[in-house]
Each structure stands twice: as C-alpha cells, then as structure tokens.
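Structural overview
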Amino acid sequence: MYLCLRAAHYCRAVVHGVRQAARYHGDQAVEPGMLDFAVNVRASGPPSWLVDRLTARLGELGHYPSATDTDRAVRAVAARHRRGPDEVALLAGGAEGFALLPNLAPRLAALIAPSFTEPEAVLSAAGIPVEHVVLAPPFALSGARVPEAADLVVVGNPTNPTSVLHPVDQILALRRPGRIVVVDEAFADAVPGEPASVAALSLPDVLVLRSLTKTWSLAGLRVGYALGAPEVLQRLTARRAHWPLGTLQLEAVTACCAPDAVAEAQAGAQRLAVMRAEMVAGLRAAGVDVVDGHAPFVLLRVADAELARKRLDAKAIAVRRCDTFVGLNGEYLRAAVRPEWPLLVEGLR
C-alpha cells in the first residue's frame, strides 16, 4: 500500500513537471533591462500607424464589440488569404486556437516535436491521449512516423523552436481519412513570400492557426485567427464565450490584414531574412553550431546550454532555454533575430 501511494505521488509529480515545462515560455527568462533574445516578437514595437488606429478606438470601449467590427475583421482575413468568410474564425491570439483544440474531441493527438508546447499542455489537461513524433536533427518532416490511429496531428511551419520550414507537400502528406491536420503558422508571415504556407488552401481536413502578435508586436493585445472548413471551425469554436474578441483586437485584425499592411510585413520579412543570414554567419564564425532554418529566430547547439545561458544572463542577455521542448536536450538554445546580434555573438564567444 505504501509503495503504491509513493508510486502514485511520483507519477503526479512527473505529470506536474511535464505540464510546467509545457507552460514555460521565453518571456519568463527576461528581466527588466536585459537584452531580449528570448522572445520572438518585433523588438521595435507596433508601427505608429497601427498605434494611431488603436488609439482612435479607445473612446468606444464603453460599448460592446459590434457585429460590424467583427464582420470587417473576418472579411479582411478572408481577402488576405483568398478564403470565404465562413472559413475564418477570429482568435484572441494564436494560442487560443490551441486552447480550443479539445473541442474537436480527438481520440489520439500526434504532436510533431520539437515544437511549440501549448498543444501538449491543453490536450493533456483535457484528458486527450498525446503521442509525440520526435524528429531527429536536422528536424525534417520527411522522417516523421505518425501513428495511423492519430485523428489529430499538430505541426508548426516554420517550427518553433527549430526554425525549420517544411515543404507544402510534406505537410499535406500528413493527411488521412478521418484526421485533422493543424498547422501552426504563427511565424509564416516572417518568411519572405510565405512559400510553405497552406493558408490559402481550402481543404476539409487542414486547420491553419495564425498569429498577428509577432510581426506587429501585439503580444499584449492577443490577436490571431484560424482558417479551415466551416464545419471544423464550428466545432472548434462551439463553446466559446460571447464577445471572444474586444474592439481593439478586432480593429487590429482588420488593420494588419489590409493590403498595405501585408505588403509592409513582407518588406519586413525580407529585411529580417538578410539580418538572419548575417546573424547566422556571425554565430558560425564564432564556432557556434546553428540549425538551418527560415524563422525569425535561430536554434543554437552549444556544449553546455545551461551554463551558457547562465553566463549570458550575467551579461544581461536573455535567450530561450530549450530543454523544456520535447526532443531537445541540454545542448540547445533559441535566440531571436535582432539587430543587436553581435552582442550575443560576443557573449557566446
């Protein structure tokens, strides 16, 4: 009896530890005054034109969000991705899309790993069986062995934290009868031309989650959306509270999906790609192993990641630890692409 109780206590402790790891995010590594390479959000803040548009709506916060604002936001997203309005569901940040996944009632969820940990946290909390499909370096999807029984598969593209961009044909190869494939495209608009995006494909079994918080520096506002078949979106959002998005969130979605804003995001993605190439070259010149990728962050491999992170922390430089990601050991760190990257290289050197 005593041994059984100890075993049960141990199992609960392990589960608690796993959930804690799944809920660890880069912002927890950043203290005031630190140079932040741990969070993948546009470092310069939202552009002035976007701040002006949001500020202009502050006087309306005494009113409930209107159906007109919701309709405008939905139509802006639909036009941006050449989808029908009924193929769009607005979200309070891309993370809300993961929080709603249990509504799809999968029998077995397969999570392509290493990847963003929120799906594991919400699905496990809902009592849904989860199986990790761990990709070996260089983390190509072509090597994935997804259980045939999985009726829900979640994959990031480009994947956080590996930064690997999976080809469209490899994403679509995950499809099976009776299965829904969820593609996390939170960083897709940071890749020039969005070459691997499936957001514009109207498929009955592919659900795309998008975030507007990274490119537009709106992490504190929580804005995003889902794209998918109307029946899937209805199941996904069936249990949401009324007014799931506020007036400022709806205005932000409309503004950031307008043609001029999309063009600005693409120009920013081009500049980011140039900066990323320079950062990677600098890191490699310093003897740091960098995983090939295309996202606005880089995955580094160092001999002792915990020690390196602590020494960088002492220099007021924050990077993202990676031992909380399934499939990564104590040899990896993630760093956002920022213009101050030479300071990171010097710190690592």
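From a predicted model like this one, the values you see are computed outputs, not experimental measurements.

Re the domain arrangement of the protein chain
Under the domain assignment used here, the protein chain contains domain 1 (20–44 + 262–348) and domain 2 (59–258). A C-alpha centroid distance of 24 Å is found between domain 1 and domain 2. With 32 residues of domain 1 in contact, the opposing surface of domain 2 contributes 38 residues. Of the roughly 2,700 Å² buried between domain 1 and domain 2 on both sides combined, carbon and sulfur atoms contribute 64%. Counting the surface domain 1 buries against domain 2, the share from its top three residues, R42, V262 and V326, is 21%. Scanning the region where domain 1 abuts domain 2 turns up zero salt bridges. At the surface where domain 1 touches domain 2, the tally comes to eight residue pairs in polar contact (both at pLDDT 80 or more). Every element with two or more residues in the side of domain 1 that touches domain 2 is listed here: α1 (2–22), α9 (259–285), β10 (297–301) and β13 (332–336). If you tally residues by element for the side of domain 1 that touches domain 2, the top one is α9, at nine residues. Taken together, the residues that form the side of domain 1 that touches domain 2 break down as 18 nonpolar, eight polar and six charged.

Details of the side chain of H166
Looking at the element boundaries, H166 is found in the loop between β5 (152–156) and α6 (168–172). A distance of 3.1 Å separates the side chain of H166 from the side chain of T159, its partner in a polar contact. Beyond its immediate stretch of four places on either side in the chain, H166 contacts L135, F139, A140, L141, V155, G156, N157, T159, I171 and A196.

Observations concerning the packing of aromatic side chains
Per the stated rule, a full pass over the model turns up five aromatic pairs. Measuring from ring centre to ring centre gives 5.6 Å for W49 and W216, while their planes differ by 75°; the resulting arrangement is edge-to-face. Taken together, the residues span a long stretch of sequence, with W49 in helix α2 (residues 48–55) and W216 in the loop between β7 (206–211) and β8 (224–227) at a distance of 167 residues. Over the ring of F297 we find R334; its NZ or CZ atom is 5.6 Å from the centre of that ring. Positioned over the ring face of F37 is R338, at 5.9 Å from the centre of the ring.

As for the state of the cysteines
Working definition: the covalent bond between the sulfur atoms of two cysteines is a disulfide. Taken as a whole and judged by the stated rule, the model has zero disulfides. As a non-bridged cysteine, C257 has C256 as the owner of its nearest cysteine sulfur, 6.9 Å distant.

Comments concerning the UniProt feature "domain: Aminotransferase class I/classII large" (unreviewed entry) in the protein chain
Summarizing the sequence annotation, UniProt attributes the feature "domain: Aminotransferase class I/classII large" (unreviewed entry) to residues 148–326 in the numbering used throughout. In residues 148–326, the share of helix is 34% and the share of strand is 17%. The end C-alpha atoms are 21 Å apart.

So, the side chain of E251
By the element assignment, E251 lies in helix α8 (residues 247–256). When its relative accessible area of 6% is taken as the criterion, E251 is described as buried. The contact partners of E251, leaving out residues within four places of it in the chain, are R53, L54, R57 and R72.

Regarding the sheet that holds strand β4 (residues 130–134)
Taken in spatial order, the seven strands of this open sheet run β2-β8-β7-β6-β5-β3-β4, and their pairing is mixed. Bordering the open sheet on either side are β2 (88–91) and β4, each of which pairs with just one other strand. In this sheet, adjacent strand axes meet at a mean angle of 20° when their direction is disregarded. Strands in contact with helix α3 (residues 67–81) are β2, β7 and β8; relative to β2, the strand with the most contacts, it is inclined by about 120°.

What to know about helix α11 (residues 341–348)
Restricting attention to buried positions, one finds in α11 the residues W341, L344 and V345. All buried residues of α11 fall inside an arc of 100° around its axis, so they share one side. More than 90 degrees from the buried face of α11, the exposed residues found are L343 and E346.

Comments concerning the sheet that holds β13
Ordered in space as β9-β10-β13-β12, the four strands form an open sheet in which the pairing is antiparallel. Only two strands of the sheet have a single partner each, and these edge strands are β9 (289–290) and β12 (320–321). In this structure, β9 lies alongside β10, joined through two bridges in antiparallel fashion. Paired with V290 across the strands is L300, a residue of β10.

Reading the values: rules and limits
Residues numbered from 1 in each chain as written. Predicted model: local features only at pLDDT ≥ 70, side-chain atom pairs only at ≥ 80, totals over all residues. Heavy atoms only, no water. Domains from an automatic or database assignment. Contact = heavy atoms within 4.5 Å. Buried area = accessible area lost by both parts, 1.4 Å probe. Salt bridge = Lys/Arg side-chain N within 4 Å of Asp/Glu carboxyl O. Polar contact = N/O pair within 3.5 Å; in protein donor to acceptor, adjacent residues only side chain to side chain. Helix = DSSP H or I, 4+ residues; strand = E, 2+ residues; numbered from the N terminus. Nonpolar A, V, L, I, M, F, W, Y, C, P; charged D, E, K, R; others polar. Phe/Tyr/Trp six-rings, centres within 6.5 Å; stacked < 30°, edge-to-face > 60°. Lys NZ or Arg CZ within 6 Å of the ring centre and 35° of its normal. Disulfide = S-S within 2.5 Å. UniProt positions renumbered as here; feature names shortened; annotations may be inferred. Buried < 20%, exposed > 50% of the residue type's maximum accessible area, 1.4 Å probe, protein only. Pairing = 2+ DSSP bridges. Axes fitted to C-alpha atoms, helices over the stretch in contact; angles between N-to-C directions. Arc of directions from axis to C-beta.

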